[in-house]
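# Remarks on the overall topology
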Amino acid sequence: MKTDWPLWEVFVRARGGLSHRHAGSVHAPDATIALRHARDTYTRRMEGVSLWVVRSSDIAASDPEQAGPMFEPAETKIYRHPTFYELPDAVKHM
Amino acid sequence: MENVLFTYALRLGDDSLVLGQRLSEWCGHAPTIEVDLSLANVALDLVGQAQLFLGYAGEVEGKGRDADRLAFHRDVLAWTNCLMVEQPNGDFGRTIARQFLFSTWQKALFDKLALSKDARLAEIAAKAVKEVAYHADLAAEWVIRLGDGTEESRTRMIDGLDWHWRFVDELFQTDAVTDALVAEGVAVDPASLRPVFEARVAAVLAEAGLPEMKLPRPIVGGRKGHHSEHLGHMLAVMQHIPRTYPEAVW
């Protein structure tokens, strides 16, 4: 039975204004039931106000073998972090 | 003279508690971990409702019995739940059939009970109706999938519904308790829920490709404490710890 059901990735929005974040995955026969399983598995403790599910097989993922060319070039570019500026006191939540 | 408000609140609480206990028997046994969690969630909602209804019943009665006292120290003949909720789980199809029929009825009931002239009943129903709307929807989705699934799932869904049809009429029964409280605007007239219930059941069965509801000769009596043999066994499991250790606390 379990092997018949595809896997779905679950994304939860914790509250309005925040983006959906990956919470985990559930097995379900279709999207409608996947949403209900996601609700019952990942929002039992008031974790969210909105849910997305997407079939795991529909996600295009980067190849771990290619992690070097993909991600290492960014390591030497610390200037991309905006850490060289002094923030005025009036600016909050940066 | 019988305290009708006590009896009415007790019935509401007993329905929820017995079904909540039944559903929690699935814990660790459901077809998948996701279904396990979803049935347990429904069970917890129902137990929460029972706490509120039984707590209120105890207050109305005024004899010092709280929700726990009513739940764990009452013998089977004093239980007033409808017969449907005490039915054994059977397979997943039968559990879903019971949930679909009961939650569809309970949704129609709480929609109206939320307008009760009794503020406490109205408040509990208004809180619970959101939970019950989800239960009814979840169960309906499963009825559709099992009914419109494989030959085996369809057969099991039909068997599950066939088990429960005889307990449907009891949900709409009126008696002296409901008559008295309906007149005061406190209780919902059970008979008035029938059209909503039948329309919803017919729509879901049609979508599931299942045969229409055909009710056999009804079996009734739960509201008067005339239960099937199953309830006593269930209560024995539910009550034996608090009865063995009456002073035990968490």
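Data block above holds the structure.
Let us look at the structure shown here. (Residues numbered from 1 in each chain as written. Chains lettered and ligands numbered in written order. Predicted model: local features only at pLDDT ≥ 70, side-chain atom pairs only at ≥ 80, totals over all residues. Heavy atoms only, no water.)

A few words on the environment of B:Ala208. Residue and element names in this part refer to chain B. In this structure, alanine 208 sits in helix H9 (residues 194-208). Along the backbone, alanine 208 and valine 143 are 65 residues apart, and their C-alpha atoms lie at a distance of 6.6 Å. Not counting residues within four places of it along the chain, the set of residues in contact with alanine 208 comprises Val143, Ile144, Gly147 and Asp148. (Helix = DSSP H or I, 4+ residues; strand = E, 2+ residues; numbered from the N terminus. Contact = heavy atoms within 4.5 Å.)

Opposite the 13 residues of chain B that make contact, chain A presents 14 residues. The junction of chain B with chain A conceals about 1400 Å² of combined surface from both sides, 58% of it contributed by carbon and sulfur atoms. Across the contact surface, chain B and chain A share 3 salt bridges. Note that A:Asp30 and B:Arg145 form a salt bridge whose closest N and O atoms lie 2.5 Å from each other. There are 7 residue pairs in polar contact (both at pLDDT 80 or more) connecting chain B and chain A. Secondary structure elements with two or more residues in the side of chain B that touches chain A: helix H2 (33-61) and helix H5 (119-147) of chain B. A total of 6 residues in the side of chain B that touches chain A trace back to one element, the largest contributor, which is H5(B). Considering only residue class, the side of chain B that touches chain A consists of 6 nonpolar, 3 polar and 4 charged. (Buried area = accessible area lost by both parts, 1.4 Å probe. Salt bridge = Lys/Arg side-chain N within 4 Å of Asp/Glu carboxyl O. Polar contact = N/O pair within 3.5 Å; in protein donor to acceptor, adjacent residues only side chain to side chain. Nonpolar A, V, L, I, M, F, W, Y, C, P; charged D, E, K, R; others polar.)

Glancing now at the pattern of salt bridges. Pairs can form between side chains of opposite charge whenever their charged atoms are close. All names here are of chain B. All chains considered together, the criterion is met by 18 salt bridges over all chains. Arginine 223 is the salt-bridge partner of aspartate 15, the closest N and O atoms lying 2.9 Å from each other. Of the two residues, aspartate 15 is situated in helix H1 (residues 4-24) and arginine 223 in the loop between H9 and helix H10 (229-244); the sequence distance between them amounts to 208 residues. Per residue, the accessibility class of aspartate 15 equals that of arginine 223, and both read buried. (Buried < 20%, exposed > 50% of the residue type's maximum accessible area, 1.4 Å probe, protein only.)

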